[in-house]
Each structure stands twice: as C-alpha cells, then as structure tokens.
Amino acid sequence: MWRDLEISVCKCDSGQLKEKPDQDNLGFGNFFTDHMFLMKWTREKGWHDAEIGPYKNFSLDPAAMALHYGQAIFEGLKAYSGENGQVFMFRPEDNFERMNASALRMCMPRIPVDQVLKAMKALVYLDKDWIPTAPGATLYVRPTMIAVEPVLGVRPAEEYYFYMILSPVGAYYSEGFNPTKIWVTDKYVRAVKGGVGTAKTAGNYAASIMAAEEANKAGYTQVLWLDACERKYIEEVGTSNIFVKIGDDLITPPLNGSILAGITRDSVIQLAKSWDIKVVERMISIDEVLAASEDGSLTEIFGTGTAAVISPVGELCYQDKKYTVADGNTGELSQRLFDELQGIQYGKQEDPFKWTIRIG
Ligand SMILES: *Cc1c(COP(=O)(O)O)cnc(C)c1O
C-alpha cells in the first residue's frame, strides 16, 4: 500500500501567497509558510490522500481522540540555507525513524519513511524562499501525527492525520552564546521508566510546563530533570539532552527508558569520540555534579537539541543553593561542538559522517 502512495501537489495561486515576516524578528514558531503536507490513515486504506497544498486549517470533530487522550506525536528538524542558495537538511531520516519509534509506543501507525522524506524535500523546496538567510536562522520543519477518530473510548484510534508544517525561525543565539541558568527540580519529574519519556509525544510537554513556569518565576531559563524514582540522577535539561564535562570525561545519561534519544546527542557523542574525547554514557547523580563543581573538576555543562544545537549552562540552582558553571561563560568544548555542528549543518564544513543531505 505504501509503495503506491501518490503525492499530489496543489500550489497556492500567487494571490494566496503570504507576506514574509521580517527576518530580524522571527523568534521561534511564530510564522508558517505558504504550503503544508497532509496525509490520512484509516485501518482499511492505510495512508492515503497525500497532498502538498496551501497551509490551511483543518476541521476536526470535537470528539477527535487526540484532543482527549493525547495520541499525538511530533518531530522537529531544520532546513539550512547555505552558500549560493543551497539548501541542506541534517539527518532527516533519523527524525522519521524516531517518529516511528514514538508511534509504536503510542499505538499509532508507522509512517513510510522514504515517502515522507520525499514529501518533505518537495515541500521545503516549494517554500524555499521562506528559508531565512541570516546567520543561524533556519526553516524549522514540524512533522506531526494525531488521532482524529471521533470516539470517547480509550483505545488506539482507527483514523489519523500526519502533516508537516514549516516555520522560519530566528537564530537561537543572535549575539553569541548566552549561557543559561538552570533550575534543578526535585519537586516535578518529566518521565519515568515504563512511561512515555522515550517518545516525542504531546503529553510530555504539557506535563513539563508547570515546572518551567516555576523556574521562570525564580529567574531561571530551564529545568533540569532528575530521575523519577530517586530524584537523584540527572536526566535532561528542558527539552534537551544533557552533557557534563568532569575532568577528561564527557558524561551523558544513558538511554535507559526515560530519556529521549536526541539526534544532536548522538551527533555530539560521535563528534567528541572522533576528537579522542572520552565519552561516557552512565548514570550521574546531581550530588556528583555538584561535588565536582565544588572541587573544580566540573568544567562544562551543556544541553543538546535541534533548536539551539548546543546550549551552555552557566549556573545551577539546587535546593536554594547556587552553583556557577564555567565561571558563567561558554566552555571550550561547548563552543567547539557548536561551531563544528553548525558548520556541517550549513554545508560549510566537511561532513565526514555524511549527516547532511542537499535538497536544493
Ligand atoms: C526533541 C527532544 C530532544 C532533542 O532531540 P534532537 O533530536 O537532538 O532535537 C531532547 N529531549 C527531549 C525531551 C526532546 O523532546
């Protein structure tokens, strides 16, 4: 059935095209391009009605299951504008493979990765004039799948929409790195082993908002999550994976059931290893991190994710005590990883891992 998925293309009339936003004030996820991709799934027909068409509302039955029980998953990746109008994407296949892992956990149908990749390239190419050219600015791609069957029973839905929308986003760090202040919470947890922390599913983010609000109120940018059982081991920072540099070791928590397998995380691990840096995937307690901060062996902490690439941490607050990291500055390794990854993503640097694909 997948092999036959036909993608129809219906372009906007020139009168339907939107005015493009000012590139200097994009922020994140505020604007959407002229076109979108949509396809539908039913048990009888599988994926069908695949179409690239004008960006538009769709109408959902108020009983649509995603709205009640949260069968909703998403992805996030970017298109980068290189020199001479070239367009690059970074490891996009990995995003769709991960989406299928999320789908499995949420009892949702698999997407046909090759077809969806093809649709995404066509969509991004069609809206390529929307890809910002300012340094660090990108076109963010948001693939999403939702359960749309109108039934109030709690069970896997039998009808789904899969769609992709595009949003031009500004540089995360337009004026150089700005190390973040992190609030370590032992009050809230993000995910528990056996739960859905390994899936990029909507409810995880709804569940995280209150902790983020409390952190913001206290003057902190992000929350550092501890494990749900002992509230002892560090897991993630905001919606990013976390790395800690202690002595010669670059340490990150292992993917053992409550952590999202970030593609940036994997890229950082591979890059650091290729530079002969010792990367250790192991559980690490907040006490160990803070002890290393006090004895001076902690040199860097940073988050990794598609949005910011590398997000250096300048301060931690745990149980009302503050700890400065890397003197509040950006660590050497954070900077090197950021420069290298950005260079590869924008097609400016050699790409030994064959991570980038050129789509225009
Ligand atoms: C998306 C996400 C990440 C980062 O994944 P990337 O593939 O690197 O963008 C990390 N943690 C959580 C909870 C996420 O949702």
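This is a predicted model, so every value here is computed, not measured.

1. Focus on the overall build of the protein
Helix and strand counts for the protein stand at 7 helices and 18 strands. Relative to the 2.2 N^0.38 estimate, which gives 21 Å for 360 residues, the radius of gyration of the protein is 21 Å and therefore close to what a compact globule would have. With the C-alpha coordinates aligned to their principal axes, the bounding extent of the protein is approximately 60 × 55 × 35 Å. In the protein, buried positions account for 54% of the 360 residues. Sequence-distant contacts in the protein: of pairs separated by 6 or more residues, those separated by 24 or more amount to 71%. Surface accessibility of the protein: about 16,800 Å² in total, with carbon and sulfur atoms responsible for 48%. Of the side-chain charges in the protein, 37 are positive and 48 negative, and the distance between the mean point of each set is 3 Å.

2. A word on the nonpolar core
The biggest cluster of nonpolar side chains holds 47 residues, and the ones touching the most others in it are Val124, Met145 and Phe162. Beyond its immediate chain neighbours, meaning those up to four positions away, valine 124 contacts Ala79, Val87, Met89, Ile131, Leu139, Val141, Leu166 and Ile359. Within the second largest apolar cluster, 24 residues are counted, among which are Phe243, Phe338, Leu341 and Trp355.

3. Looking at the side chain of lysine 78
Note on placement: lysine 78 falls in strand 5 (residues 77–81). For the buried lysine 78, which has no salt bridge, the nearest side chain bearing the opposite charge is glutamate 75, at an N-O separation of 13 Å. At 3.0 Å, the side chain of lysine 78 forms a polar contact with the backbone oxygen of threonine 306. For lysine 78, the side chain forms a polar contact with the main-chain oxygen of alanine 307, separated by 2.8 Å. Excluding residues within four positions of it along the chain, lysine 78 makes contact with Phe88, Met89, Phe90, Thr138, Leu139, Tyr140, Val169, Thr306 and Ala307.

4. Details of the pattern of salt bridges
A full pass over the atoms with the stated rule returns 11 salt bridges. When the shortest N-O distance is used, the salt bridge between arginine 98 and glutamate 75 registers 2.8 Å. Here the residue arginine 98 occupies a position in helix 2 (residues 92–105), and glutamate 75 occupies one in the loop between strand 4 (72–74) and strand 5, the gap between them amounting to 23 residues. The class for arginine 98 is buried, based on a relative accessible area of 12%.

5. Section: the domain arrangement of the protein
If you check the domain split of the protein, you get domain 1 (2–169) and domain 2 (180–345). Centre-to-centre separation of domain 1 and domain 2, based on C-alpha positions: 28 Å. In this complex, domain 1 contributes 19 residues to the contact, which on the side of domain 2 involves 21 residues. Counting the surface lost from both domain 1 and domain 2, the interface buries some 1,700 Å², and carbon and sulfur atoms represent 58% of this.

6. Here's the deal with the packing of aromatic side chains
With the rule as written, the count across this model stands at 14 aromatic pairs. Summarising the aromatic geometry, the rings of phenylalanine 28 and tyrosine 140 are spaced 4.9 Å apart at their centres and angled 65 degrees between planes, so their arrangement reads as edge-to-face. With phenylalanine 28 in the loop between strand 1 (7–9) and strand 2 (35–42) and tyrosine 140 in strand 7 (residues 138–147), this residue pair connects regions lying 112 residues apart in the sequence. By relative accessible area, which is 9% here, tyrosine 140 ends up buried.

7. Topic: a nonpolar patch on the surface
A contiguous nonpolar surface patch, about 330 Å² in accessible area, is contributed by Tyr69, Leu152 and Val154. Relative to the elements of secondary structure, leucine 152 occurs in the loop between strand 7 and strand 8 (159–169).

8. Let's talk about the environment of serine 297
Tracing the backbone through its elements, the reader meets serine 297 in the loop between helix 6 (286–295) and strand 15 (298–305). As a C-alpha pair, serine 297 and isoleucine 246 span 51 residues in sequence and 5.3 Å in three-dimensional space. The contacts of serine 297, once residues within four sequence positions are left out, are Lys245, Ile246, Gly247 and Ala292.

9. Considerations on helix 6
Of the positions making up helix 6, those classed as buried are Ile286, Val289, Leu290, Ala292 and Ser293. Here the buried residues of helix 6 occupy an arc of 155 degrees about the axis, which is enough to place them on one side. When the buried face of helix 6 is taken as reference, the exposed residues oriented beyond 90 degrees from it are Glu294 and Asp295. Looking one or two places after helix 6, you find glycine 296, whose phi comes out positive at around 85 degrees.

10. Quick notes on the site of the ligand
In the region of the ligand, 14 residues are neighbours, and Lys200, Tyr205, Glu236, Thr264 and Thr306 sit closest. At a separation of 2.7 Å, an oxygen atom of the ligand approaches a polar side-chain atom of lysine 200. Contact between the ligand and tyrosine 205: an oxygen atom at 2.4 Å from a side-chain N or O atom of the residue. When the free accessible area of the ligand is taken as 380 Å², the share hidden by the protein chains comes to 96%.

11. Looking at the pairing of strand 5
Counting buried positions over the 5 residues of strand 5 gives 5, a clear majority of the element. Side-chain alternation along strand 5 places Leu77, Ala79 and Ser81 on one buried face and Lys78 and Tyr80 on a second face that is also buried. Judged from the 3 bridges that link them, strand 5 and strand 6 (residues 87–90) form a sheet pairing that is antiparallel. Counterpart to tyrosine 80 in the pairing with strand 6 is phenylalanine 88. If you look at the hairpin formed by strand 5 and strand 6, you'll find 5 residues sitting between the two strands, and asparagine 84 has a positive phi there, around 55 degrees.

So, how was this worked out
- Residues numbered from 1 in each chain as written.
- Predicted model: local features only at pLDDT ≥ 70, side-chain atom pairs only at ≥ 80, totals over all residues.
- Heavy atoms only, no water.
- Helix = DSSP H or I, 4+ residues; strand = E, 2+ residues; numbered from the N terminus.
- Rg over C-alpha atoms; globule rule 2.2 N^0.38 Å.
- Buried < 20%, exposed > 50% of the residue type's maximum accessible area, 1.4 Å probe, protein only.
- Contact = heavy atoms within 4.5 Å.
- Areas by Shrake-Rupley, 256 points an atom, 1.4 Å probe, with all protein chains shown as cover.
- Lys, Arg positive; Asp, Glu negative; His and termini not counted.
- Charge placed at Lys NZ, Arg CZ, Asp CG, Glu CD.
- Core = buried A, V, L, I, M, F, W, Y, C linked by side-chain atoms within 4.5 Å.
- Salt bridge = Lys/Arg side-chain N within 4 Å of Asp/Glu carboxyl O.
- Polar contact = N/O pair within 3.5 Å; in protein donor to acceptor, adjacent residues only side chain to side chain.
- Domains from an automatic or database assignment.
- Buried area = accessible area lost by both parts, 1.4 Å probe.
- Phe/Tyr/Trp six-rings, centres within 6.5 Å; stacked < 30°, edge-to-face > 60°.
- Patch = residues over 30% accessible without salt bridge, like charges linked within 9 Å, V, L, I, M, F, W, Y side chains within 5 Å.
- Arc of directions from axis to C-beta.
- Near = heavy atom within 4 Å.
- Pairing = 2+ DSSP bridges.

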